[in-house]
Amino acid sequence: MTLTFVAHNTPEPALYGAMAAVLAEQRDAELAHLAVEWDRQSYADACQHVTPEGHLVTSGLLWHERLGAMSAGKVWQLDDLLSLHGGKDYIVPLAPVQLASFTRLAREARNYSVDYQLIEIEHTARGFQFSRMENTENRPVAWTRDRFGRVIPNTGSGGQSGSGHLRIALIGTYQDQIASYPATLAALGDAIDALELEVEIICLPPCISPRELSGVLKDIDGVLLPGGSDMRNVAGQIRVAHHCLNHEIPTLGLCLGMQTMATAAIQQMLGSAQANLAEVDPHAQLKTFIPLTDTPQHPVHRLGDDDMKLVSGTQMAAVMGDKTRLRYNHRFQLNPLFKDELAANGLLISGTDNSGTIADAIEHTSHPFFLGVQGHPELTSTPQWPSPLIGAFLLAAKGKA
């Protein structure tokens, strides 16, 4: 057994494991990752990647699944990895805080008579490169990020510009998308490339003022409301959802984005801004989304791949089929008390879990494209298999343009 530690000296969770994933793919080796802490004040969504099996891990481990079509798996304790390895070779990513304790890691490997090596990632003018490694078999020697944050070989051919015929607003700062949770922007890039569209992505901070928001969105062809764990973004997302609902702007919501879309619709239906997510305001008079555990037999935290059943004849079914699988990461559900009244007011629950009790997809019947899902289609997108839902959203935006 040999452990190859790959140290990338960057504080960005979105790059954690990226170059280790590249090396694992090149060597046809397995990747194993250890426990790591991040600055959650700067990177709220540092640990929001979900594996198919339901492990919640550092967001940068997305690249392992995208590059090798394999789950990043669970977080290992080094002692367990060393004792249960079964003779396999592993690639092990190291963040700066882990590199600082490398002497201890090396000592533990020696205690188990396990060979190890340390490879550091160098930041050069060409991109990210492995230190002390020669180019073999004509493999790329430098990797970089394109404008969608995707980790790609640097071929020296340049990249697609940021201008385009379509203008898509992604609600969230560019820093959050590129450094903390890279999946949404990467999935947009996958769908844009597959459809051969020219698109400009406008990242709008959720805290943007109503006056600024109205000015920016009047020239936008579509809005994507992403997921996220930072509840400070909710008020801004709801404000955007109201605008998109009233001005018929094609809108797609992912997880938290679906929740804020539904909350905007409920507020308009009731004529009350007091309706809010229980996660944001536990004392709200009208709770639009409540804990899963308020319903018997539901989990505390729904994580990993699960089925979504679609209602025949809906927009969502036309895009996704009668049944599909999505990646989930949520602890709250649409309040069942609103379901019938919402349907009467045009907001249809177009998808559910297998039990039929969790609202997994919504759409507004009087809007050209106002769709949301409780899951995370961005987590399973790849350049070869882009999300059909994100593709449908882009085509709706193209139709508006």
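Residues numbered from 1 in each chain as written. Predicted model: local features only at pLDDT ≥ 70, side-chain atom pairs only at ≥ 80, totals over all residues. Heavy atoms only, no water.

Visitor: Explanation requested: the UniProt feature "domain: Glutamine amidotransferase" (unreviewed entry) in the chain in the structure shown.
Guide: In this structure's numbering, the residues bearing the UniProt feature "domain: Glutamine amidotransferase" (unreviewed entry) are residues 197-390. For residues 197-390, the end-to-end C-alpha separation is 13 Å, with 27% helix and 29% strand making up the annotated structure. (UniProt positions renumbered as here; feature names shortened; annotations may be inferred. Helix = DSSP H or I, 4+ residues; strand = E, 2+ residues; numbered from the N terminus.)

Visitor: Mind showing me how you'd approach unusual backbone geometry here?
Guide: Only a minority of non-glycine residues have a phi that is not negative, and only a minority of peptide bonds are not trans. Here Glu 196, not a glycine, exhibits a phi torsion of approximately 55°, which is positive. Take Glu 196: it is sitting in the loop between α7 (183-195) and β13 (199-204).

Visitor: Mind showing me how you'd approach the pairing of strand β1 (residues 2-7) here?
Guide: Looking along a regular strand, one sees the side chains alternate between the two faces of the sheet. With five of six residues buried, β1 lies mostly within the body of the structure. Relative to strand β8 (residues 115-124), β1 runs parallel, the two being bridged by six bridges. Within β8, the residue paired with Thr 4 across the bridge is Gln 117. Bridging between β1 and strand β7 (residues 90-94) involves five bridges; their strand directions are parallel. The residue of β7 that forms the bridge with Leu 3 is Tyr 90. (Buried < 20%, exposed > 50% of the residue type's maximum accessible area, 1.4 Å probe, protein only. Pairing = 2+ DSSP bridges.)

Visitor: I tried to follow α7 on my own but got confused; where do I start?
Guide: One full turn of an α-helix is made of 3.6 residues, so residues set three or four places apart face in the same direction. Look at α7: 18 Å from first C-alpha to last across 13 residues, which is about the 18 Å you get at 1.5 Å a residue. Of all 13 residues making up α7, ten are buried, and the element is well covered by its neighbours. For α7, every residue scored as buried is listed here: Ala 183, Thr 184, Leu 185, Ala 186, Ala 187, Leu 188, Gly 189, Asp 190, Ala 191 and Ile 192. (Expected span 1.5 Å × (residues − 1).)

Visitor: Could you clarify how one ought to interpret the sheet that holds strand β20 (residues 323-330) in this entry?
Guide: Strands in a sheet are paired, the pairing made by backbone hydrogen bonds, and the direction either parallel or antiparallel. One open sheet accounts for nine strands, arranged β13-β12-β14-β15-β24-β23-β22-β19-β20; its pairing is mixed. The open sheet has two edge strands with one neighbour each: β13 and β20. In this sheet, adjacent strand axes meet at a mean angle of 25° when their direction is disregarded. Of the strand pairs in this sheet, strand β14 (residues 222-225) and strand β15 (residues 251-254) are connected by three bridges, and their pairing is parallel. Bridge pairing in β15 places Leu 224 opposite Leu 252. This element, α7, spans β12 (166-171), β13, β14 and β15 of the sheet and lies at about 165° to β13. Contacting β12, β14, β15, β23 (359-364) and β24 (370-373), helix α9 (residues 234-247) runs over the sheet at an angle of about 150° to β14. (Axes fitted to C-alpha atoms, helices over the stretch in contact; angles between N-to-C directions. Contact = heavy atoms within 4.5 Å.)

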